[in-house]
Amino acid sequence: VVDLTAHGQGSVEAIFNAIDSFFHQSVQLDSFNIDAVTEGIDAQASVNVTVENVDTETIFNATGIDFDVLKAAAIAYINANIMVQKENEGQLARLSEKDSPK
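Now for a look at the structure at hand. Residue positions are counted from 1 within each chain, in the order its sequence is given. Only residues with pLDDT of at least 70 get local features here, since the model is predicted, and only at 80 or more are side-chain atom pairs given and counted; chain-wide, interface and lining totals rely on the full set of residues. Only hydrogens and water are set aside; all other atoms, that is, all heavy atoms of the structure, feed into the side-chain values.

1. Thoughts on helix α2 (residues 69-88)
This is how it is decided: Numbering of helices and strands runs from the N terminus, with a helix taken as a DSSP run of H or I at least four residues long and a strand as a DSSP run of E at least two residues long. Multiplying 1.5 Å by the residue count of a helix minus one yields the expected span of that helix. Only protein chains enter the area calculation, which uses a 1.4 Å probe; residues under 20% of their type maximum are buried, those over 50% are exposed, and those in between are partly exposed. It only takes one pair of heavy atoms within 4.5 Å for two residues to be counted as in contact.
Taking 1.5 Å of rise per residue, 20 residues should cover 28 Å, and α2 covers 29 Å from first to last C-alpha, within 8% of that figure. The complete set of buried residues in α2 reads Ala72, Ala73, Ala74, Ala76, Tyr77, Ala80, Asn81, Val84 and Glu87. Its buried side turned inward, α2 meets α1 (11-23), β1 (27-36), β2 (45-53) and β3 (58-66). Phi for Gly90, located one or two positions after α2, is positive at around 80°.

Here is the structure:
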């Protein structure tokens, strides 16, 4: 179990700052969107984030879904950071324009 403490101007920023301190990599949040997946008082939230790996300028999109909006946001941001980490470790192949399907 990892215990992290971070501060921010709101709950989401504090959560993201804690995740940033865990991963120790340069990630810039470009967009943050919340949508309801289901209806009603117990609706699930879908949070989509777009981040940029500052070191490579690669853009990643990730999603998190949960009944708790803050947990969904954390899941999305963790998923994005995992993709950045994999790119930094050489585990993701980069596609060039010539490799893209036409």
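2. What to know about the pattern of salt bridges
Put simply, the rule is: For this document, the term salt bridge refers to a Lys or Arg side-chain nitrogen within 4 Å of an Asp or Glu carboxyl oxygen.
What the rule picks out here adds up to one salt bridge. The salt bridge partner of Asp66 is Lys71, with a shortest N-O separation of 3.7 Å.

3. Notes on the packing of aromatic side chains
What counts, and what does not: In this scheme Phe, Tyr and Trp rings, the latter by its six-membered ring, pair at centre separations within 6.5 Å, and the angle between planes marks the pair as stacked below 30 degrees, edge-to-face above 60, and tilted otherwise.
The final tally for this structure, using the stated rule, is three aromatic pairs. Seen from their ring centres, Phe22 and Phe23 are 5.2 Å apart, and the 85° between their planes marks the pair as edge-to-face. Look at Phe22 and you get partly exposed, because its relative accessible area is 44%. Using a relative accessible area of 13% as the deciding quantity, one classes Phe23 as buried. In textbook terms, an aromatic cluster arises when at least three aromatic residues are bridged by ring pairs, as seen for Phe16, Phe32 and Tyr77.

4. Some words on the sheet that holds β3
Strand pairing within a sheet occurs via backbone hydrogen bonds; the two strands may be parallel or antiparallel. We apply this condition: Only strands joined by at least two bridges in the DSSP assignment are considered to pair. In this analysis, axes come from line fits to C-alpha atoms, helices being fitted only over the stretch in contact, and the angle between any two N-to-C directions falls in the range 0 to 180 degrees.
Across the sheet, which stays open at both edges, the three strands sit in the order β1-β2-β3 with antiparallel pairing between neighbours. What marks the edges here is a single partner per strand, and that holds for β1 and β3. Taking each pair of neighbouring strands and ignoring which way they run, the sheet shows an average axis angle of 15°. Summarising the sheet, β2 and β3 pair through nine bridges and their orientation is antiparallel. Residue pairing across strands places Ala45 opposite Asp66, the latter belonging to β3. With respect to the sheet, α2 is in contact with β1, β2 and β3, its orientation differing from that of β3 by roughly 145°.

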